[in-house]
Protein chains: 2
Amino acid sequence: MRTIGIGIAGAGTVGGTLIDRLVADRAAVTARTGLDLEVRRVALRDLDRPRSFDKGAAVISGDVMELVADSRVDLVVEVIGGLEPAGSLVVAALEAGKPVVTANKELVAARGPELLAVAAGAGVPLLFEAAVGGGIPIIRPLTETLAGERIDRVMGIVNGTTNFILTAMADGGSDYATALAEAQRLGYAEPDPAADVSGADAAAKGVILAGLAFGVWVGVDDVHREGIERLSPADFEMAARLGHVLKLLAIAERRPDGVVVRVHPALVPATHPLAAIRGATNAIFIEGSSVGELLFAGPGAGGEPTAMAVLGDVIDAARGLLGGSVVVSPAPAATGGAGSFDSTPTQWCLRLEVEDSPGVLAQIAAAFGEAGVSIKLVRQDGRGEGASLLMVTHGATEVAQRSAVGALRRLHAVREVASTIRVEGDEA
Amino acid sequence: MRTIGIGIAGAGTVGGTLIDRLVADRAAVTARTGLDLEVRRVALRDLDRPRSFDKGAAVISGDVMELVADSRVDLVVEVIGGLEPAGSLVVAALEAGKPVVTANKELVAARGPELLAVAAGAGVPLLFEAAVGGGIPIIRPLTETLAGERIDRVMGIVNGTTNFILTAMADGGSDYATALAEAQRLGYAEPDPAADVSGADAAAKGVILAGLAFGVWVGVDDVHREGIERLSPADFEMAARLGHVLKLLAIAERRPDGVVVRVHPALVPATHPLAAIRGATNAIFIEGSSVGELLFAGPGAGGEPTAMAVLGDVIDAARGLLGGSVVVSPAPAATGGAGSFDSTPTQWCLRLEVEDSPGVLAQIAAAFGEAGVSIKLVRQDGRGEGASLLMVTHGATEVAQRSAVGALRRLHAVREVASTIRVEGDEA
């Protein structure tokens, strides 16, 4: 049996777990797959930091490029994250004819088509199952099983940190700061949570999902992105009162003018499959023209599940090296082709503080009507000095919805537009 | 571009939809996949029956073996179902070096290892994504993405007909016969529903899932199988009272003495991901040692979703024929290795009609204790002449649970063991 030499860049949570698995369970992996995989080189940014993994026979280097230079490394795993030096490593390894497995959503989102073209040119695969949805197998189903299907929309809860925080806010009625602090204490949120709570992480994953589902790789900057930082307990009350649940969604859809990717909090009906996805779990919901609705759910992050997704790709690539199969990365897709978010239909839910005087509702209705937005539901709570209105619109373009809200803000009788949140997965 | 010739055996719901898609949408499939697929021969059992599909350039034959003999057919799709002539066709096509795509769970369950060995020997793939879970991509995730994972258990709602009936009984409180008649009227159940309601269809799918997850192909006759025919409205009331939902589950698990596959109704906690799977939807829930819990849900049957799963395999196999990749079927697995169901731990829920006299509960508890089964919960409803007891046990071996129930039946104070249903996915 030929031994396949593995080189790994990065030994953080995912890399360390992967090395442990490959070194300690080497015989078990062989028994299960018929492959002998040996970790031969590990590149670490900080050589002085204490290591928690058993390096086995591996040589430790400080420079990731040594993984490319080392002829005993047949296959490169990149789990350092970030754009550089990860990008240079991936390109150099592919050009040297070494298959690459990466979990780097930022890199794949930003440079996917280019890197896939390098892989295709070199005739070796670039695999990245772990970049979206952690341990959830989603890339093979999208690119292989559903190859004949016309996918219309992909909607995902693809960030475990924010889903954990939103679940805590919904269950406990706590405010955002408290829920975030609790998530940090339990290790579900980073000390600097910006990339998660701002939706940036979800946006990168949305770009990758769109690329695989539609063959169009939208720029990360083309993604309309809103985070969860401004959600308040009142928003969760509003959601519950309407029989909905608040989720941060990454949505990729095929529109007549191109592909639109957006990330924002959304009200989802409590009966929708995504509403049941709680805590740090991730889920991806696919709407296809023939297949209908598919849901994939599982652990979106964590060392073990993500390392297993990386290991699945490593096994696949190793089989390819042994000639058992020629593994093909997802096809290089076109860049660009982003559609206009402004012309995308959305449905909105609004919370308004208004004067409780006759004719207020008529003024509000007129403002919506002029913007071309029709109202699905109005609910008034509280009487006397002022009143709270909950309003749900029917679907209309983003630009129409925003123009309606602008008009509301100019109405004297509207004291405050306290909250505007989109609604997804509704029947209307 | 080389055109790939497709031969299709069977033009029922799935085959007809597939032909429509391949013929009418030929250019669209080419645009999406870069492949030119032409249906060149269709084999029909009954040549005189009116056809609803457009056969395009295809020749119609009465004998399925003509698909093998026709040199213009590069790839064979088998969607006739049943063991014969499907089995002979699949073997002959593989031996002639033609990749085979099948949706035939009965054939794959009964002869999987043998057929996969023929495919491996001939160096061509045998693909069967549509045989389990209809349109849900499950075979590639199990065999490729999770290749490095130790899977402990696979639990599925894999029969849409029974899940439709159970959902109707839970929602409407109707009895089995009424719900079945409604399912038949709406086309969710066949005029002869035996294969579905007896659990036989689910058992075949359970065998396939076990083969892929554990590499051990259990005989269909080794599957412990109970259908849904005897479930009553009282069972659904019991489930609801306990915060559970009644589902027909196919369960495949790895036990120390081998692989155990079983199909039976089960109480599932309302908070379990499988509890939310309603109507004709299917779902497969995977428990792995590293990845934790994964859920795949989607349309389990129906012409369109199943035809799309077949088409995904056809595209995969066609790419292989063009040299873009060498497509590998799931590895041939070992036959046998079935573990003992009797020694498998299960948890039971019982409904008893008992005399309402002092000491009855002590007698019942003693019977459980002697059998080595401990009681988790007892709930008594009704007083006076007689009483109803709901009991939930902790986990114990099947044989112990059955022995406890046998002892209960011998107790004078127990008028009737009205129902025994296993509990799955509970915390205890």
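Refer to the preceding data block for the structure.
All of the points below concern the structure found in this document. Worth saying up front: this structure is predicted, and the values here are computed from it rather than measured. Numbering of residues starts from 1 in every chain and runs along the sequence as written. Chain A is the first chain written and ligand 1 is the first ligand written, with later ones labelled in order. Where local features are concerned, this predicted model is filtered to residues with pLDDT of at least 70; where side-chain atom pairs are given and counted, the filter is 80 or more; whole-chain, interface and lining totals use all residues. Only heavy atoms go into the side-chain values, all of them from the structure, while hydrogens and water stay out.

## What about the sheet that holds strand β2 (residues 36-43) of chain A?
Residue and element names in this part refer to chain A.
And step 1. Think of it this way: DSSP has to see at least two bridges between two strands before they count as a pair. Strands here mean DSSP runs of E at least two residues long; helices mean DSSP runs of H or I at least four residues long; both are numbered from the N terminus. Here we have 6 strands laid out as an open sheet, ordered β3-β2-β1-β4-β5-β6, and parallel in their pairing. Each having just a single partner strand, β3 (59-61) and β6 (126-127) make up the two edges of the open sheet.
And step 2. Taken together, the 2 bridges between strand β5 (residues 100-102) and β6 define a ladder with parallel strand orientation. Within the sheet, the bridge partner assigned to V100 lies in β6 and is L126.
And step 3. Residue contacts are defined here by distance: any two heavy atoms, one from each residue, within 4.5 Å place the two residues in contact. To get an axis, fit a line to the C-alpha atoms, keeping to the stretch in contact for a helix; angles then go from 0 to 180 degrees between the N-to-C directions. Those strands touched by helix α2 (residues 26-33) are β1 (3-9) and β2, and its axis lies near 135° from that of β2.
And step 4. Each of β1, β4 (75-78), β5 and β6 touches helix α4 (residues 86-95); the most contacted strand, β4, lies at about 165° to it.

## What to know about the side chain of S419 of chain B
And step 1. Structurally, S419 of chain B can be placed in strand β19 (residues 414-423).
And step 2. When neighbours within four sequence positions are excluded, S419 of chain B is seen to be in contact with D235, M238, C349, L350 and R351 of chain B.

## Regarding the packing of aromatic side chains
And step 1. When the centres of two rings from Phe, Tyr and Trp lie within 6.5 Å, Trp using its six-membered ring, the rings pair. Their planes under 30 degrees apart give stacked, over 60 give edge-to-face, and anything left gives tilted. Using the criterion set out here, one finds 3 aromatic pairs over all chains in the structure.
And step 2. For the ring pair F296 of chain A and F296 of chain B, a centre distance of 5.5 Å and an interplane angle of 80° mean the geometry is edge-to-face. One end of the pair, F296 of chain A, is in strand β13 (residues 292-299); the other, F296 of chain B, is in strand β13 (residues 292-299), on a second chain.

## What about the packing of helix α13 (residues 360-371) of chain B against helix α14 (residues 398-410) of chain B?
Residues and elements named next belong to chain B.
And step 1. As a packed pair, α13 and α14 sit with axes 8 Å apart at the nearest point and diverge in direction by 145°. In this structure, the crossing between α13 and α14 has a hand that is right-handed. The segment α13 lies against α14, with I364, A367, F368 and A371 engaging A400, S403, A404, A407 and L408.
And step 2. Side-chain classes follow a simple rule in which Ala, Val, Leu, Ile, Met, Phe, Trp, Tyr, Cys and Pro form the nonpolar group, Asp, Glu, Lys and Arg form the charged group, and the remainder, Gly included, forms the polar group. The residue inventory of the contact of α13 with α14, partitioned by class, reads 8 nonpolar, 1 polar and no charged. Left-handed describes a crossing whose near helix is turned anticlockwise from the far helix by less than a right angle; the clockwise case is right-handed.

## Focus: the pattern of salt bridges
And step 1. We count a salt bridge whenever a side-chain nitrogen from Lys or Arg sits within 4 Å of a carboxyl oxygen from Asp or Glu. The tally for this structure, following the rule as stated, stands at 54 salt bridges over all chains.
And step 2. For R111 of chain A, the salt bridge identified is with E114 of chain A, shortest N-O distance 2.7 Å. Of this pair, R111 of chain A and E114 of chain A both sit in helix α5 (residues 105-122), 3 residues apart, which is roughly one turn of the helix.
And step 3. A relative accessible area of 40% places E114 of chain A in the partly exposed class.
And step 4. D171 of chain B is paired through a salt bridge with R278 of chain B; the nearest N and O atoms lie 2.6 Å apart. Highlighted residues: D171 of chain B in helix α7 (residues 160-172) and R278 of chain B in the loop between β11 (258-269) and β12 (281-288), separated in sequence by 107 residues.
And step 5. The rule is simple: take the accessible area with a 1.4 Å probe, protein chains only, and divide by the maximum for that residue type; under 20% is buried, over 50% is exposed, in between is partly exposed. Residue class for D171 of chain B comes out exposed when judged on its relative accessible area of 51%.

## Concerning the packing of helix α4 (residues 86-95) of chain B against helix α5 (residues 105-122) of chain B
All names here are of chain B.
And step 1. Closest axis-to-axis distance for the α4/α5 pair is 9 Å, and the angle between their directions is 15°. Between α4 and α5, the crossing angle belongs to the class labelled roughly parallel. Read as a crossing pair, α4 and α5 show a hand that is right-handed. Seen from α4, the contacting residues are A86, G87, S88, V90, V91, L94 and E95; seen from α5, they are L107, R111, L115, V118, A119 and A122.
And step 2. In the contact of α4 with α5, the residues fall into 9 nonpolar, 2 polar and 2 charged. Roughly parallel refers to an angle under 35 degrees, roughly antiparallel to one over 145, roughly perpendicular to one between 65 and 115, and oblique to any angle outside these ranges.

## Structural notes on the pairing of β19 of chain B
All names here are of chain B.
And step 1. Sheet analysis places β11 next to β19, joined by 2 bridges and oriented parallel. Considered in β19, the bridge of A266 is made with R422.
And step 2. Here 8 bridges tie strand β15 (residues 345-355) to β19, and the two strands are oriented antiparallel to one another. Considered in β19, the bridge of W348 is made with R422.

## Focus: the pairing of strand β4 (residues 75-78) of chain B
For a regular strand, the rule is simple: side chains alternate between the two faces of the sheet.
Residues and elements named next belong to chain B.
And step 1. Neither face of β4 is exposed, since L75 and V77 on one face and V76 and E78 on the opposite face are all buried.
And step 2. Both strand β1 (residues 3-9) and β4 contribute to a ladder of 4 bridges, which runs parallel. Residue pairing across strands places A9 opposite E78, the latter belonging to β4.
And step 3. Bridge analysis of β4 against strand β5 (residues 100-102) gives 3 bridges, and the strand direction is parallel. Along β5, the bridge assignment pairs V76 with V100.
And step 4. For crossovers, right-handed means that the path from the first strand over the helix to the second runs clockwise, given strands pointing away from the viewer. Between the parallel pair β4 and β5, the chain is carried across by α4, and the sense of this crossover is right-handed.

## Re the interface of chain A and chain B
And step 1. Across the boundary between the two partners, chain A contributes 38 residues, which contact 38 residues of chain B.
And step 2. If you look at where chain A meets chain B, you find 0 salt bridges.
And step 3. Side-chain atoms alone can form a polar contact between residues adjacent in sequence; in general such a contact is a pair of N or O atoms within 3.5 Å, and within protein one must be able to donate a hydrogen while the other accepts it. Between the two partners, chain A and chain B, sit 6 residue pairs in polar contact (both at pLDDT 80 or more).
And step 4. Elements that contribute at least two residues to the side of chain A that touches chain B include exactly α2, α6 (139-145), β13 and α12 (303-321) of chain A.
And step 5. Element by element, the count of residues in the side of chain A that touches chain B is highest for α12 of chain A, at 8 residues.
And step 6. Partitioning the side of chain A that touches chain B into residue classes produces 17 nonpolar, 10 polar and 11 charged.

## Side note on the nonpolar core
And step 1. Side-chain atoms within 4.5 Å are what join buried Ala, Val, Leu, Ile, Met, Phe, Trp, Tyr and Cys residues into a set we call a nonpolar core. The biggest cluster of nonpolar side chains holds 166 residues, and the ones touching the most others in it are F128 and I286 of chain A together with F128 and I286 of chain B.
And step 2. Among residues more than four places away in sequence, those in contact with I286 of chain B are I138, L142, L146, I151, R153, V154, G292, E293, L294 and F296 of chain B.
And step 3. Listed in part, the 33 residues of the second largest apolar core include A147 of chain A together with V79, A309 and V310 of chain B.

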